[in-house]
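# Observations on the model geometry
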Protein chains: 2
Amino acid sequence: MSKQVAFIGLGVMGYPMAGHLQTAGYQVTVYNRTAAKARQWADQFGGAVAATPAEAAAGAEVVFACVGNDDDLRSIAVGEQGAIQGMNAGSIFVDHTTASASVARELAEQFARQQCQFLDAPVSGGQQGAENGALTVMVGGDEDAFNRVQSHIDVYSRSVQRLGPAGSGQLCKMVNQICIAGLVQGLSEGLHFATQAGLDPHQVVEVISKGAAQSWQMENRYQTMLAGEFEHGFAVDWMRKDLGIVLDEARRNASKLPVTALVDQFYADVQEMGGGRWDTSSLLARLQGKTSDQ
Amino acid sequence: MSKQVAFIGLGVMGYPMAGHLQTAGYQVTVYNRTAAKARQWADQFGGAVAATPAEAAAGAEVVFACVGNDDDLRSIAVGEQGAIQGMNAGSIFVDHTTASASVARELAEQFARQQCQFLDAPVSGGQQGAENGALTVMVGGDEDAFNRVQSHIDVYSRSVQRLGPAGSGQLCKMVNQICIAGLVQGLSEGLHFATQAGLDPHQVVEVISKGAAQSWQMENRYQTMLAGEFEHGFAVDWMRKDLGIVLDEARRNASKLPVTALVDQFYADVQEMGGGRWDTSSLLARLQGKTSDQ
């Protein structure tokens, strides 16, 4: 397989991911909506810059993307100057965007009609995971295509697994967000109660994190939460986008998600408080009535 | 300090805890409402049996208790034949019941008036933790009294900490239950969605348990949850008792616990489904509409 690849979308995730590919020996051509960012990337890593997604994809065996939402994805994948216009038969599009399962299924069909493959491959692990090459990647789509791109994805991942047909990667990411929504609200209510009750919440966490209440969020976020620092991870605005996708899919597959739906509304309150860029642990600030100018 | 102690309440927790004390070399006199259970305990461990809490407490330097609720606790502690009637000045009552913070404060005052000490010391770790001597113990009350009983408690505990004045142990336990309520509901919604979406939920958990959605509950309960086995821990009936105490205290200290209050209602649904004796992870059964006779 050729070493020539493309990477579309150099945000906080895509920028270091594309960098890992170039550093690992792939010849990466990048496209980014804001061209200055693409030039900065090429200056730093030494790859090439293209003027459109189609141009970036020309000659590439694998085209990676990590953009904002379903519409951005449709545009750079199958739009007028989308990657598909430049891709050869047999090449593979790997989408790292957190998007809907339905857009993944729709694009998988469109790419198949052009003798190409589309894999949905959302990630978790955040900016830090992208920078350290330690992401978790959840893949849906054709199994042979997955086998052909696994070694590429490995250069920025700690774990990469295929969950099933097109859309399965997105559905797995949704389960992740559902679990986190209830968990972070529970933790926030616990820390809020501890504070209101006059306990030392640090000592409380030290005690209860040894048992059945333990979680990654408790261990990694409680200190910043108590300090009112909400700049340590995934932003509320992005979580609302993800929960919108989740609740839409739940309507389709008849899942009941009462707490997820409620926490989505709580995040709307956080946005109204001016906390759209705060991280998801800011549910505690909502309970405490903190505002963004405090 | 004398090695003579008493233990009141030989339920699934108290029975093995009292056994650990006797095995560690303390001379334990037990009292249990159902006398046959006390005789069974004495046959197994070789301690003494008393006919009333007062009689059990006579001559003991430390009196331990682990009973059902606030009313049971008041009765065995300060009732007509309660332990306080038999206790000497300077002795200490250690209550392992999960009870309200207010009854802990009330009893701490009553014991102090008799030159005795009362410590609230609820536990987490469940029946298995009690049997293996690996409980977590959260203590509220006088610091000197705490120092005097710590080595006793150590024989059935992995961790024992004093959180502050009377009631603080109960308040810490409440934080634990609050965190678990939201967390287990989030996990249940995630597993429910994964199933409805046609994913393999085992594979999903394998992937997402490496990241920000990880929790003790996810790692230790997801398999039994998916198998519809809800016989592996703390019962819903007991969780409802605890959440009642939590929501009552939250009203007093002006905490906002929207998801905890909602999950308490969900557990009421589980009770109505016939699942009062199921463990707390049965919130998944509620989402799936499982009934107790399936």
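Residues numbered from 1 in each chain as written. Chains lettered and ligands numbered in written order. Predicted model: local features only at pLDDT ≥ 70, side-chain atom pairs only at ≥ 80, totals over all residues. Heavy atoms only, no water.

## Re the overall build of chain A
So the rule is basically this: Working definition: helices are DSSP H or I runs of at least four residues, strands are E runs of at least two. Numbering for both runs from the N terminus. Throughout, the radius of gyration refers to the C-alpha atoms, and the reference size of a globule is 2.2 Å times the residue count to the power 0.38. Burial classification: accessible surface area is computed with a 1.4 Å probe over protein chains only, and a residue below 20% of its type maximum counts as buried, one above 50% as exposed, and the rest as partly exposed. The contact definition used throughout considers only heavy atoms, calling two residues in contact when any of these lie within 4.5 Å. All accessible areas in this document rest on Shrake-Rupley with a 1.4 Å probe, and a residue is counted as covered only by the protein chains that are shown. Counted charges follow a simple rule, with Lys and Arg positive, Asp and Glu negative, and His plus the chain ends left uncounted. Here the site of a charge means atom NZ of a Lys, CZ of an Arg, CG of an Asp or CD of a Glu.
Scanning chain A for helices and strands turns up 13 helices and nine strands. For a compact globule of 294 residues, the expected C-alpha radius of gyration is about 19 Å, and chain A comes in at 20 Å, within 12% of that figure. Once the C-alpha set of chain A is aligned to its principal axes, its extents read approximately 65 × 45 × 35 Å. The buried share of chain A, taken over its 294 residues, is 59%. A fraction of 65% describes how many contacts in chain A between residues 6 or more apart in sequence connect residues 24 or more apart. For chain A, the computed accessible surface area is about 11,000 Å², with 43% contributed by carbon and sulfur atoms. Here chain A contributes 21 positively and 31 negatively charged side chains, and the mean placements of these two sets differ by 2 Å.

## Comments concerning the interface of chain B and chain A
Applied cut-off: Values labelled buried area give the accessible surface lost by two parts on being combined, using a 1.4 Å probe and summing over both. Each salt bridge in this description consists of a side-chain nitrogen of Lys or Arg and a carboxyl oxygen of Asp or Glu lying within 4 Å of one another. In protein, a polar contact requires one atom able to donate a hydrogen and another able to accept it; more generally it is a pair of N or O atoms within 3.5 Å, and residues adjacent in sequence count only if both atoms are side-chain atoms. Side-chain classes are defined by residue name, with Ala, Val, Leu, Ile, Met, Phe, Trp, Tyr, Cys and Pro counting as nonpolar, Asp, Glu, Lys and Arg as charged, and the others, Gly among them, as polar.
Facing 58 residues of chain B, the contacting portion of chain A comprises 58 residues. Taking both partners together, chain B and chain A bury about 5,000 Å²; carbon and sulfur atoms supply 65% of that area. Summed over the three residues of chain B that lose the most area to chain A, namely Glu189(B), Phe193(B) and Val207(B), the buried surface amounts to 13% of that side. Between the two partners, chain B and chain A, sit zero salt bridges. Counting across the interface, chain B meets chain A through 25 residue pairs in polar contact (both at pLDDT 80 or more). Looking at the side of chain B that touches chain A, the elements that each hand over two or more residues are β8 (135–140), β9 (157–164), α8 (168–196), α9 (201–208), α10 (216–226), α11 (236–253), α12 (258–272) and α13 (283–288) of chain B. In terms of residue count, α8(B) provides more of the side of chain B that touches chain A than any other element does, 20 residues in total. For the side of chain B that touches chain A, the class distribution of residues is 31 nonpolar, 19 polar and eight charged.

## A word on the packing of aromatic side chains
Each aromatic ring pair is characterised by the separation of its centres together with the angle its planes make. What counts, and what does not: Aromatic pairing here means that ring centres of Phe, Tyr or Trp (its six-membered ring) are within 6.5 Å. Orientation follows from the plane angle: under 30 degrees is stacked, over 60 is edge-to-face, and everything else is tilted. Either the NZ atom of lysine or the CZ atom of arginine qualifies as a charge over a ring when it sits within 6 Å of the ring centre and within 35 degrees of the ring normal.
As enumerated under the stated definition, the model contains 16 aromatic pairs over all chains in all. Judged by centre distance (5.2 Å) and plane angle (50°), the ring pair of Phe93(B) and Phe111(B) falls under tilted. With Phe93(B) in strand β5 (residues 92–95) and Phe111(B) in helix α5 (residues 101–113), this pair connects stretches of sequence that are 18 residues apart. Using a relative accessible area of 0% as the deciding quantity, one classes Phe93(B) as buried. A relative accessible area of 0% places Phe111(B) in the buried class. One aromatic cluster in this structure is built from Phe7(A), Phe64(A) and Tyr156(A). Against the face of Phe266(A) rests Arg286(A), its NZ or CZ located 3.8 Å from the ring centre. Sitting over the ring of Tyr26(B), Lys3(B) keeps its end group 4.4 Å from the ring centre.

## Some words on the relation of the copies chain B and chain A
What counts, and what does not: For the least-squares superposition of copies, only C-alpha atoms count, and only for residues with pLDDT at least 70 in both.
Relative to chain A, chain B is turned by 180° and slid 0.0 Å along the rotation axis, the superposed coordinates differing by an RMSD of 0.0 Å. The two molecules are tied by a two-fold rotation axis, judged by turn and shift. In this assembly the copies share their binding face: 100% of the residues contributing to the interface of chain B also contribute to that of chain A.

## Focus: the nonpolar core
To be explicit about the condition: By convention a nonpolar core is built from buried Ala, Val, Leu, Ile, Met, Phe, Trp, Tyr and Cys residues, the set being connected through side-chain atoms within 4.5 Å.
Core analysis: the largest hydrophobic core is formed by 86 residues, its most contacted members being Ile208(A) and Ile208(B). Setting aside residues up to four positions removed in sequence, Ile208(A) forms contacts with Ala213(A), Gln214(A), Met218(A), Met138(B), Cys172(B), Val175(B), Asn176(B) and Cys179(B).

## Some points on the environment of Val94(B)
Residues and elements named next belong to chain B. When you line up the elements, Val94 lands in strand β5. Exposure remark for Val94: the relative accessible area of 0% places this residue in the buried category. Along the backbone, Val94 and Val5 are 89 residues apart, and their C-alpha atoms lie at a distance of 11 Å.

## Considering helix α4 (residues 70–78) of chain A
Residue and element names in this part refer to chain A. Going by this rule: The arc refers to the directions leading from the helix axis to the C-beta atoms.
Inspection of α4 places Asp70, Leu73, Ile76 and Ala77 among the buried residues, and these make up the whole buried set. Down the axis of α4, the buried set is contained in an arc of 140°. They therefore lie on one face. Looking at where α4 begins, the residue whose side-chain oxygen comes 3.1 Å from the main-chain nitrogen of Asp71 is Asn69.

## Describing the domain arrangement of chain A
Residue and element names in this part refer to chain A. Under the convention used in this document: Domain start and end points were adopted from an automatic or database domain assignment.
Annotation of chain A at the domain level lists domain 1 (4–165) and domain 2 (171–288). Distance between the C-alpha centres of domain 1 and domain 2: 29 Å. Between domain 1 and domain 2, roughly 890 Å² of surface is buried when both sides are summed, and carbon and sulfur atoms account for 62% of that area. Contact with domain 2 buries area across many residues of domain 1, yet Thr98, Ala101 and Met138 alone supply 41% of it, more than any other trio. There are one salt bridge connecting domain 1 and domain 2. With its nearest N and O atoms 3.7 Å apart, the salt bridge here joins Glu249 to Arg105. Linking domain 1 to domain 2 there are four residue pairs in polar contact (both at pLDDT 80 or more). Only α5 (101–113) and β7 (123–124) provide two or more residues apiece to the side of domain 1 that touches domain 2.

## Quick notes on unusual backbone geometry
Phi is positive for Gln115(B), close to 55°, though the residue is something other than glycine. Here Gln115(B) shows up in the loop between α5 and β6 (117–120).

## Quick word on the pairing of β8(B)
Consecutive residues of a regular strand have side chains that alternate between opposite faces of the sheet. Residue and element names in this part refer to chain B. Test applied: If DSSP finds at least two bridges between two strands, the strands pair.
The buried fraction of β8 is high, at six of six residues. Where burial is concerned, the two faces of β8 agree: the one with Leu135, Val137 and Val139 and the one with Thr136, Met138 and Gly140 are both buried. Note that strand β7 (residues 123–124) and β8 share two bridges and pair antiparallel. Bridging across to β8, Ser124 finds its partner in Thr136.

## Focus: the pattern of salt bridges
Counted under the stated rule, the structure contains 24 salt bridges over all chains. A salt bridge links Arg162(A) to Glu143(A); the shortest N-O distance between them is 3.9 Å. On the criterion of sequence distance, the pair formed by Arg162(A) in strand β9 (residues 157–164) and Glu143(A) in helix α7 (residues 143–154) is long-range, its members being 19 residues apart. Looking at Arg162(A), the relative accessible area reads 23%, which means it is partly exposed. On the basis of relative accessibility, which here comes to 46%, the residue Glu143(A) falls in the partly exposed class. In this structure, the salt-bridge partner of Asp264(B) is Arg240(B), at a minimum N-O distance of 3.1 Å. With Asp264(B) in helix α12 and Arg240(B) in helix α11, this pair connects stretches of sequence that are 24 residues apart. You can call Arg240(B) partly exposed: its relative accessible area is 24%. Linked through salt bridges whose partners overlap, the residues forming this network are Arg105(A), Asp248(A), Glu249(A) and Arg252(A).

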